[in-house]
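So you can see what is in the structure, the chains are spelled out below.
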Amino acid sequence: MRALSRGLSSAPRRPVIVVHGGAWAIPELLTDRSVAGCEAAAAAGWEVLRRGGAALDAVETATRILEDDPAFDAGHGAVLNERGDVELDAIVMDGKSLNSGAVAAIGPVANPVSVARMVMQRTPHCLLVGEGATRFAQQQGVPLLRSSDLVTAEAEPQQ
């Protein structure tokens with residue numbers, strides 16, 4: 001794919017930031033906040049690139065903005081599972097090396113994308129799940145939050 005894309009154009013490549021707010025039907029109540037959150041995330045990621053930062057740093061920064069914004073159901077704004085617990089997922093991939101790291105069904109952490117990056121950079125694994133992912137996060141010094149710290153009033157009726 002890289003060889004093919006290089007042959008298509010001799011124009012200098014410019015970085016591009018694409019941010020989406022998740023694959024869900026955004027309630028009308030959250031539309032403006034979702035658009036603003038995506039714009040803020042894209043701007044933060046772009047600023048990392050503008051300062052010469054790596055693409056992976058830009059991705060993590062942009063995703064953390066979304067995870068910290070309760071308009072989205074990632075991190076803050078999470079919804080509860082059938083047991084009434086918060087379980088979160090995240091994945092990152094380094095486009096140069098094609099290494100990846102992911103967490104699935106991780107317990108209540110504010111920024112699962114950062115834990116996914118730790119999986120990629122600090123373990124031989126590409127995916128940690130459930131209690132193992134949560135335990136790994138704690139071992140890396142990531143604080144666990146209470147589920148109530150992440151769930152918003154808008155998200156609670158989705159249980």
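Residues numbered from 1 in each chain as written. Predicted model: local features only at pLDDT ≥ 70, side-chain atom pairs only at ≥ 80, totals over all residues. Heavy atoms only, no water.

(A) Representation of helix α2 (residues 31-50). End to end, α2 covers 28 Å across 20 residues, agreeing with the expected 28 Å (1.5 Å per residue, within 8%). Among all positions of α2, only Ser-34, Gly-37, Cys-38, Ala-41, Ala-44, Gly-45 and Val-48 are buried. End-on view of α2: buried residues confined to an arc of 130 degrees, all on one side of the axis. The exposed residues of α2 that point more than 90 degrees off its buried face are Asp-32, Glu-39 and Arg-50. Just downstream of α2, Gly-52 is the residue with a positive phi angle, here 90 degrees. (Helix = DSSP H or I, 4+ residues; strand = E, 2+ residues; numbered from the N terminus. Expected span 1.5 Å × (residues − 1). Buried < 20%, exposed > 50% of the residue type's maximum accessible area, 1.4 Å probe, protein only. Arc of directions from axis to C-beta.)

(B) Quick peek at helix α3 (residues 55-68). When the terminal C-alpha atoms of α3 are compared, their 20 Å separation across 14 residues agrees well with the 20 Å that a helix rising 1.5 Å per residue should span. The complete set of buried residues in α3 reads Leu-56, Ala-58, Glu-60, Ala-62, Leu-66 and Glu-67. Residues of α3 that are buried sit in contact with α2, β1 (88-93) and α4 (112-122). (Contact = heavy atoms within 4.5 Å.)

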